[in-house]
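Structural overview for review
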Amino acid sequence: MDEKNLVGRIYDIQGFSVQDGPGIRTTAFLKGCPLRCPWCHSPESQAFYPQLSWVSMRCQGTALCESRCIKACAKGAIEPAEQREDAKTGEMLQMIHVKRDICDNCGDCARVCYPKALYLCGEDYTVEKLAQRLLQDKKFYARSGGGVTISGGEALSQADFTVAILKRMKAEGIHTALDTTGFAPWETLARTLPWTDLYLYDLKHMDSEKHKQVIGVPNETILDNARKLAAAGKKLQVRIPVIPMFNNDVENIRATAQFCRELGEAVTVVQLLPYHNLGVAKYLRISDKPVAEATPPSDAQMQKLKAVMEEAGLNVTIH
Ligand code: SF4
Ligand code: SF4
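Structure report, in brief. Here the structure is a predicted model, which is why all the values come from computation and not from measurement. (Residues numbered from 1 in each chain as written. Chains lettered and ligands numbered in written order. Predicted model: local features only at pLDDT ≥ 70, side-chain atom pairs only at ≥ 80, totals over all residues. Heavy atoms only, no water.)

What follows deals with the nonpolar core. Counting 53 residues, the largest nonpolar core has Leu130, Ile150, Leu236 and Met309 as its most contacted members. When residues no more than four places from it in sequence are discounted, the contact partners of Leu130 are Ile10, Ile13, Ala28, Tyr125, Phe161 and Ile165. Listed in part, the 17 residues of the second largest apolar core include Ile96, Val98, Cys109 and Ala110. (Core = buried A, V, L, I, M, F, W, Y, C linked by side-chain atoms within 4.5 Å. Buried < 20%, exposed > 50% of the residue type's maximum accessible area, 1.4 Å probe, protein only. Contact = heavy atoms within 4.5 Å.)

This is the structure we're talking about:
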């Protein structure tokens, strides 16, 4: 197939991003990930299929919209639920509940929900459609030393699409970054080499057993791929999510620092990303299952971990 017409599934596109590489960037988030990080702040990124999401604060209540979503669902997957007080008027609004065990994510209800309280998360784009969106911000990239970042989920799970969009951006002279878990066969990651200027590379734990126990996959492939990227002369911004009771002990951070040192000049910076619980509400948009919350690490603890990494001679920032 013509590369321009390859289709990828996207769950978000964020312009004016300053967190995903140098300068001002536009980041495209691809849907689907083989990892299951319990702290994931984008739970909507994990499944490969489009998912029905419901944002309660946007819902105007069934009285105002005449229960459009309930009527639109032929499977009977939407039912009236508890009431919510409207913050402005104090009026009680009748909310809804989506029966997740019946819902097949067909999207019929989302199509009739005018405040977009219900929406399907995950939209298919051709390479050219995404390219045209990313090119809208080209002047900002040029002025700021920015570019385009392809993220996820795990973008390498949609490798043909990811390679094609990176290639398309390089053809436009745009700086490209790939934000990756590193969990993919090397042959897949290697396909991105000619078209990727920078890798934003996650390292979560140096103990493979613990990595597998908590995230669902071991870490050997991830570490091997980082070594191979470094050997190929690529630049890596290493990202470490600092998660209480998982990887925030000095021993693990010291081992991670040692690994980064072994990668030599490939590692331009190590970014420590303290856990936050802002993603917790997002779980309730797509699921009834409660999610475990942790207490974010203190500033003092983050500074201590930063110092441990700096002792190894690394350039470290806290995001
Ligand atoms: S989700 Fe949308 S269609 Fe359904 S009750 Fe709320 S506003 Fe109305
Ligand atoms: S996505 Fe389809 S099955 Fe699910 S609640 Fe909406 S209309 Fe019903």
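After presenting the structure, the write-up continues.
Lining the immediate environment of ligand 2, one finds Leu52, Cys73, Lys75, Ala77, Ile78, Cys103, Asp104, Asn105, Cys106, Gly107, Asp108 and Cys109. With respect to the pocket detection grid, ligand 2 is positioned in the second largest cavity. Of the residues that constitute the shell around ligand 2, the class distribution is seven nonpolar, two polar and three charged. (Near = heavy atom within 4 Å. 1 Å grid on protein atoms, 1.4 Å probe; cavity = no way out; pocket = protein on both sides within 12 Å on 5 of 7 lines; lining within 4 Å. Sits in = over half its atoms within 2 Å of the grid points. Nonpolar A, V, L, I, M, F, W, Y, C, P; charged D, E, K, R; others polar.)

This brings us to the site of ligand 1. In the neighbourhood of ligand 1, the contacting residues comprise Trp54, Cys59, Gln60, Gly61, Thr62, Cys65, Cys69, Ile96, Cys113, Pro115, Ala117 and Leu118. Under a 2 Å grid-point criterion requiring more than half of the atoms, the pocket assigned to ligand 1 is the largest cavity. Here the residues of the shell around ligand 1 are counted per class, giving nine nonpolar, three polar and no charged.

Below, the discussion takes up unusual backbone geometry. With an omega dihedral of 10°, the bond running from Gly152 to Gly153 counts as a cis peptide bond. Residue placement: Gly153 occurs in the loop between strand E8 (147–151) and helix H6 (159–171). Of note in this structure, Asn105 is not a glycine but carries a positive phi near 60°. Turning to its location among the elements, Asn105 is positioned in the loop between strand E5 (92–98) and helix H3 (108–112). (Helix = DSSP H or I, 4+ residues; strand = E, 2+ residues; numbered from the N terminus.)

Let's shift gears to the environment of Ala155. For Ala155, the position within the fold is in the loop between E8 and H6. By relative accessible area, Ala155 is classed as buried at 0%. With 162 residues separating them in the primary sequence, Ala155 and Thr317 have C-alpha atoms 25 Å apart. Setting aside its immediate chain neighbours within four residues, Ala155 contacts Leu30, Ile150, Thr162 and Leu178.

In this model helix H10 (residues 250–262) runs 18 Å from its N-terminal to its C-terminal C-alpha over 13 residues, within 8% of the 18 Å that 1.5 Å per residue would give. Burial in H10 covers these residues: Asn252, Ile253, Thr256, Ala257, Phe259 and Cys260. Seen from one end, H10 has its buried residues packed into an arc of 160°, which puts them on one side. Residues of H10 that are exposed and point more than 90 degrees away from the buried face comprise Glu251 and Glu262. Considering only its buried residues, H10 is in contact with helix H9 (220–231), strand E11 (235–242), strand E12 (267–274) and helix H12 (299–311). Backbone geometry just downstream of H10 places Gly264 in the positive-phi region, at approximately 65°. (Expected span 1.5 Å × (residues − 1). Arc of directions from axis to C-beta.)

Turning next to the sheet that holds strand E7 (residues 123–126). Spatial strand order, E7-E1-E2-E8-E9-E10-E11-E12-E13: nine strands in an open sheet with mixed pairing. Of all strands in the sheet, those with a lone pairing partner are E7 and strand E13 (316–318), marking the two edges. Here the strands of the sheet are splayed against their neighbours by 30° on average, with no regard to which way each runs. (Pairing = 2+ DSSP bridges. Axes fitted to C-alpha atoms, helices over the stretch in contact; angles between N-to-C directions.)

Scanning the model with the defined rule gives three cavities of 30 Å³ or more in all. By volume, the largest cavity amounts to about 110 Å³. As for the largest cavity, its lining consists of 15 residues, and the residues nearest its centre are Cys59, Cys65, Cys69, Cys113 and Pro115. Classifying every residue of the lining of the largest cavity by side-chain character gives eleven nonpolar, two polar and two charged. (Points joined across faces, edges and corners; volume = space filled by probe spheres on them.)

With respect to the helices and strands, Asp20 occurs in the loop between strand E1 (7–17) and strand E2 (25–30). Overall, Asp20 belongs to the buried group, its relative accessible area being 9%. For Asp20, the side chain forms a polar contact with the side chain of Ser17, separated by 3.0 Å. For Asp20, the side chain forms a polar contact with the side chain of Thr27, separated by 2.9 Å. (Polar contact = N/O pair within 3.5 Å; in protein donor to acceptor, adjacent residues only side chain to side chain.)

Remember that the coordinates give geometry; whether it matters functionally is a separate question.
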